[in-house]
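Structure assessment
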Amino acid sequence: GNMVEWCLPQDIDLEGVEFKSMASGSHKIQSDFIYFRKGLCFGLACFANMPVESELERGARMKSVGILSPSYTLLYRYMHFLENQVRHQLEMPGHYSHLEAFYDDKKGVLPGSKGTSNSQQPVHWLPSIHRYMYPEMKITHPAGCMSQFIKFFGEQILVLWKFALLRKRILIFSPPPVGVVCYRVYCCCCLANVSLPGLGGTVPESKPFFYVNVADIEMLETEVSYVACTTEKIFEEKRDLYDVYVDNQNVKTHHEHLQPLLKINNADKEKYRRLNDQRQMLMYSQEVGDDCNSCEEDLFILFFMEQNNRIFQTLMEVSASQDKTLTADHARGMGLDPQGDRSFLLDLLEVYGIDVMLVIDNPCCT
């Protein structure tokens, strides 16, 4: 099985990290990277697999090198270093001087579990595993993850957007490699950004848990809102752990009251068309270069943030009005389909505790 081979600081609690930092099924691929959550921290690990002539290691040497940090947003900056180090550890096991120097350079005080600071530092560890080796799988770079997300899901991103905004428990399944699937978790969370002050203080945070496995089941049972990914098919049977299950481009839910949200309506199609128009305009106006991807990421995040702000601004204005009545015209003004998004609006009002009366009538026949 997996084991932690080396870490700094040595007194840190790393229980279970040897399974979080190496996705189940990784023995079938040559390299991967993986984002995950450990307590209040986020981790990034790079995995590599090398054939060896060793009976003890069963013909393959596998390792992950990773770091823990209070924030996941800057972890990708160290991807190249981790990729180099895991290769170095495969070829020269037991030589940790580069990792020690990196730790000494980057360490800082982590917040304690009760909000106070303590002497624990960002962690470096090296789990080790021995399995057989399979052909290499190509890993993509984070700069283009939004673009890939849109291309992969197409109009389905509007379905994911609604579930993310409703703070549902979203679980994404994929066989290894899991790195690109971790980016889909991040993109899903970006769909729910709202920048209006004072909104939803009691609404659960949309948490990116990134990679989870069976060891996380007990923790997931207590969560009311998260976005995560897994390589373990057994999760599909554990329906009490999730609201929405994503298998490739197939988005599904076992909750009957959420079924209407799976349908793409005319307003969704219009939003998707506008998003693509804006992307095309951006590509046309940008000179060809590496900067284009980051601009597209900004465009993607802003597109959904503006959409979300418009919805909540309208809802708050209606809730502050005398009659508190939300009409079909209000729905259209928010970029929603008065009929197709009726159940979505009802759920939204309930989740965010907005006091509004919905007067959009259901059609008598369809």
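Residues numbered from 1 in each chain as written. Predicted model: local features only at pLDDT ≥ 70, side-chain atom pairs only at ≥ 80, totals over all residues. Heavy atoms only, no water.

- For the chain, the name recorded in an unreviewed UniProt entry is DENN domain-containing protein 11, with Probosciger aterrimus as its organism.

Quick look at empty space enclosed by the protein
- Summed over the entire model, instances satisfying the criterion amount to one cavity of 30 Å³ or more.
- The space that makes up the largest cavity amounts to roughly 30 Å³.
- Ser21, Met22, Ala23, Ser26, Asp32, Phe33, Ile34, Ala45, Phe47, Ser64 and Val178 together form the lining of the largest cavity.
- For the lining of the largest cavity, the secondary-structure elements that each account for two or more residues are β2 (31–38) and β3 (41–51).
- The element best represented in the lining of the largest cavity is β2, accounting for three residues.
- Broken down by class, the residue content of the lining of the largest cavity amounts to seven nonpolar, three polar and one charged. (1 Å grid on protein atoms, 1.4 Å probe; cavity = no way out; pocket = protein on both sides within 12 Å on 5 of 7 lines; lining within 4 Å. Points joined across faces, edges and corners; volume = space filled by probe spheres on them. Helix = DSSP H or I, 4+ residues; strand = E, 2+ residues; numbered from the N terminus. Nonpolar A, V, L, I, M, F, W, Y, C, P; charged D, E, K, R; others polar.)

What about the packing of helix α4 (residues 145–153) against helix α5 (residues 156–165)?
- At a closest axis distance of 7 Å, the pairing of α4 and α5 adopts a crossing angle of 110°. One finds that α4 runs roughly perpendicular with respect to α5. For the pair formed by α4 and α5, the contact residues are Phe149, Ile150 and Phe153 on the first element and Gln156, Ile157 and Leu160 on the second.
- Among the residues making up the contact of α4 with α5, the classes are represented as five nonpolar, one polar and no charged. (Axes fitted to C-alpha atoms, helices over the stretch in contact; angles between N-to-C directions. Parallel < 35°, antiparallel > 145°, perpendicular 65-115°, else oblique. Contact = heavy atoms within 4.5 Å.)

Quick look at unusual backbone geometry
- Backbone torsion omega between Leu8 and Pro9 reads -10°, so that peptide bond is classified as cis.
- Looking at the secondary structure, you find Pro9 in the loop between β1 (3–8) and α1 (17–20).
- With omega at 5°, the peptide bond leading from Pro176 into Pro177 counts as cis.
- By the secondary structure assignment, Pro177 is in the loop between β6 (169–173) and α6 (179–190).
- The residue Lys324 is not glycine, and still its phi comes out positive at about 50°.
- Along the chain, Lys324 turns up in the loop between α9 (291–320) and β11 (325–326).
- Residue Lys324 is classed as partly exposed on the basis of its relative accessible area of 27%. (Buried < 20%, exposed > 50% of the residue type's maximum accessible area, 1.4 Å probe, protein only.)

Observations regarding the pairing of strand β8 (residues 226–230)
- For β8, the tally of buried residues reaches five of five residues, placing the bulk of the element in the interior.
- Residue alternation in β8 divides its side chains into two sets, Tyr226, Ala228 and Thr230 and Val227 and Cys229, and both sets are buried.
- When β6 meets β8, the two strands line up parallel, connected through five bridges. Across the sheet, residue Ile172 finds its bridge partner in β8, namely Cys229.
- Here strand β7 (residues 208–211) pairs with β8 via three bridges, running parallel. The residue of β8 that forms the bridge with Pro208 is Val227. (Pairing = 2+ DSSP bridges.)

Overview of the environment of Lys263
- In this structure, Lys263 sits in the loop between β10 (250–253) and α8 (266–285).
- By relative accessible area, which is 62% here, Lys263 ends up exposed.
- Put simply, Lys263 and Gln156 are 107 residues apart on the chain and 9.1 Å apart in space, counted from C-alpha to C-alpha.

Let's talk about the nonpolar core
- Core analysis: the biggest nonpolar cluster contains 96 residues, and Ile157 and Leu315 have the highest contact counts within it.
- The element that contributes the greatest number of residues to this core is α9, accounting for ten residues.
- Looking at which domains feed residues into this core, each of domain 1 (15–100) and domain 2 (141–314) supplies at least three.
- Excluding its chain neighbours within four sequence positions, the residues that come into contact with Ile157 are Phe149, Ile150, Leu191, Tyr272, Leu275, Phe300 and Phe304.
- Counting twelve residues, the second largest nonpolar core, distinct from the first, contains Leu171, Tyr226, Ala228 and Leu241. (Core = buried A, V, L, I, M, F, W, Y, C linked by side-chain atoms within 4.5 Å. Domains from an automatic or database assignment.)

Things to note about the pattern of salt bridges
- Taken as a whole, this structure holds 14 salt bridges when the rule is applied.
- Lys233 serves as the salt-bridge partner of Asp247, at 2.8 Å between the closest nitrogen and oxygen. With a gap of 14 residues between them, Asp247 in strand β9 (residues 244–247) and Lys233 in the loop between β8 and β9 connect regions that are remote in the sequence.
- Using a relative accessible area of 40% as the deciding quantity, one classes Lys233 as partly exposed.
- Across the pair Arg273 and Glu270 runs a salt bridge whose closest N-O atoms are separated by 2.6 Å. Residue Arg273 and its partner Glu270 are located together in helix α8, separated by three residues, close to a single helical turn.
- On the basis of relative accessibility, which here comes to 41%, the residue Arg273 falls in the partly exposed class.
- Glu270 gets classed as partly exposed once you look at its relative accessible area, which sits at 36%.
- A single salt-bridge network, built from bridges that share partners, covers Lys162, Asp268, Lys271 and Asp341. (Salt bridge = Lys/Arg side-chain N within 4 Å of Asp/Glu carboxyl O.)

Some points on the side chain of Arg184
- If you trace the backbone, Arg184 turns up in helix α6.
- The contact partners of Arg184, leaving out residues within four places of it in the chain, are Phe149, Phe152, Phe153 and Ile172.

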